[in-house]
Amino acid sequence: MKLRLQKWLSWITALWVIGGTLGLITLSAIGERTPFTAALLFLPASLWMIPALLLGLAAIFIRPKLLIPLALQACWFFGIHLSPQWNPRFDRSPEPALTLVSFNRGGTLEQGLEDFVTAEGVDIILLQEANHLMHKYMRLFPDYSGELVDEFLILSKHPIVEKELIYLQTERRGLPCAGRFVVRWQDTDVVIYNVHMPTPRFALSHWWDPAVRKITYLPDPATYWKERFSLLDQLMERVAAEEGPVILGGDFNMVPRGALYRKVARQFQDFHRVGGGGHAYSYPGNALDPMGRLGPWLRLDYLFASAHWDIVHFQTEAPRKTEHLAVLGRARFFPQKPLNED
């Protein structure tokens, strides 16, 4: 009987270690190109290790040596597949550096951003879902000037010399997806895109919520993800035409293991990948939301930079009672460095 159990457990473990690993790699490669794989990408990553945990518990009593391949798979998953950053950079040089914060303030339940901004000496704050809230944030940050276009608010200690709403088009409608601002910093005009891509909430809940499927004006999941690729392609085409230093920040509503993320990361430096540590999860941060009681488990908020910049630091703020957590990045500018230099 024990030999039979050992044989079956060995086969199941081999199937999971090989098939599960290949499946996760394939899932990441396909990304958001199908509604089903997109929904899987937005699940908490640790759920994928539940089969390994159960097999490991069984192996302890039936065949302990099976713990070795399961442990190796777990090391690959948490240490490589999820792409944690092991060597965060900390800015210790006296050379001037530009410090930015991006924060989607939707769902905020209490103040607290000002403490984070003050402690870090932030130059520029990018806020999404800030419609009609410019005066409120100007009172919170009296040392900053501000400009608002649609939901996109920028607060800056340096002159804001241009502002523009980036309106992108799908087959069904047009959407305001970013605010473009030009800030004059160190005698250099820095182009800053404050980005908020459409939420995938309804496309994801379409799978389990019959009420969402009855809302006729919402696109079906396949249409939604097709539109998301189109919108991002349009935005990347627009940003690629910029000739000077560029920084993008905001709520991109994408995960770093997906195809949407790779489209941006091919053109721009990811602040977290260069200067951050850990996983930089920024959602959900709301301690009162059942989804967030175990802490954030998705990375939706990003800062990206063109090749003009040397990224020296990135961090996510400590969890507080807010839907998203703010992200902070610091970078130095090299005027002699061309935009598309390898």
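First, a word on what this report is: a plain description of the structure on this page. (Residues numbered from 1 in each chain as written. Predicted model: local features only at pLDDT ≥ 70, side-chain atom pairs only at ≥ 80, totals over all residues. Heavy atoms only, no water.)

## Topic: the pattern of salt bridges
To keep it simple, the criterion reads: By salt bridge we mean one thing: a side-chain nitrogen of Lys or Arg within 4 Å of a carboxyl oxygen of Asp or Glu. A run of H or I in DSSP becomes a helix once it reaches four residues, and a run of E becomes a strand once it reaches two; helices and strands are each numbered from the N terminus. Residue exposure (1.4 Å probe, protein chains only): buried if accessible area is under 20% of the type maximum, exposed if over 50%, otherwise partly exposed.
By the definition in use, this model includes 13 salt bridges. Arg-180 is paired through a salt bridge with Glu-162; the nearest N and O atoms lie 3.2 Å apart. Linking Arg-180 in strand E6 (residues 174–185) with Glu-162 in strand E5 (residues 160–169), this pair joins segments that are 18 residues apart in sequence. Judged by relative accessible area, which is 11%, Arg-180 ranks as buried. Under the relative-accessibility criterion, Glu-162 is labelled partly exposed at 43%. Residues Glu-227 and Arg-172 are paired through a salt bridge, measuring 2.5 Å at the closest nitrogen-oxygen approach. Placement of the pair is Glu-227 in helix H9 (residues 221–240) and Arg-172 in the loop between E5 and E6, with a sequence separation of 55 residues. Looking at Glu-227, the relative accessible area reads 8%, which means it is buried. Bridged by salt links that share partners, the residues Glu-162, Arg-180 and Glu-242 form one connected network.

## Considering empty space enclosed by the protein
Note the cut-off: Grid points spaced at 1 Å over the protein atoms alone were grouped into cavities, where a 1.4 Å probe fits but cannot get out, and pockets, open sets with protein on both sides within 12 Å along at least five of seven lines, with lining residues defined by an atom within 4 Å of a point. Grid points are joined across faces, edges and corners, and a volume is the space filled by probe spheres set on the points. For this scheme, ten residues count as nonpolar: Ala, Val, Leu, Ile, Met, Phe, Trp, Tyr, Cys and Pro. Four count as charged, namely Asp, Glu, Lys and Arg, and the remainder, Gly too, count as polar.
Counted under the stated rule, the structure contains one cavity of 30 Å³ or more. Computed from the structure, the largest cavity encloses a volume of approximately 170 Å³. Leu-82, Pro-256, Arg-257, Tyr-281 and Arg-299 are, among the 15 residues lining the largest cavity, the residues nearest its centre. Considering only residue class, the lining of the largest cavity consists of nine nonpolar, three polar and three charged.

## Let's talk about the layout of surface pockets
Considering only enclosed or pocket space, the second largest pocket measures out at about 310 Å³ in volume. In this structure, the second largest pocket is lined by 15 residues; those nearest its centre are Arg-173, Leu-175, Pro-198, Thr-199 and Tyr-224. Those elements that provide at least two residues to the lining of the second largest pocket are E6 and helix H7 (201–205). With three residues, the top contributor of residues to the lining of the second largest pocket is E6. Across the lining of the second largest pocket, the residue classes tally to eleven nonpolar, two polar and two charged.

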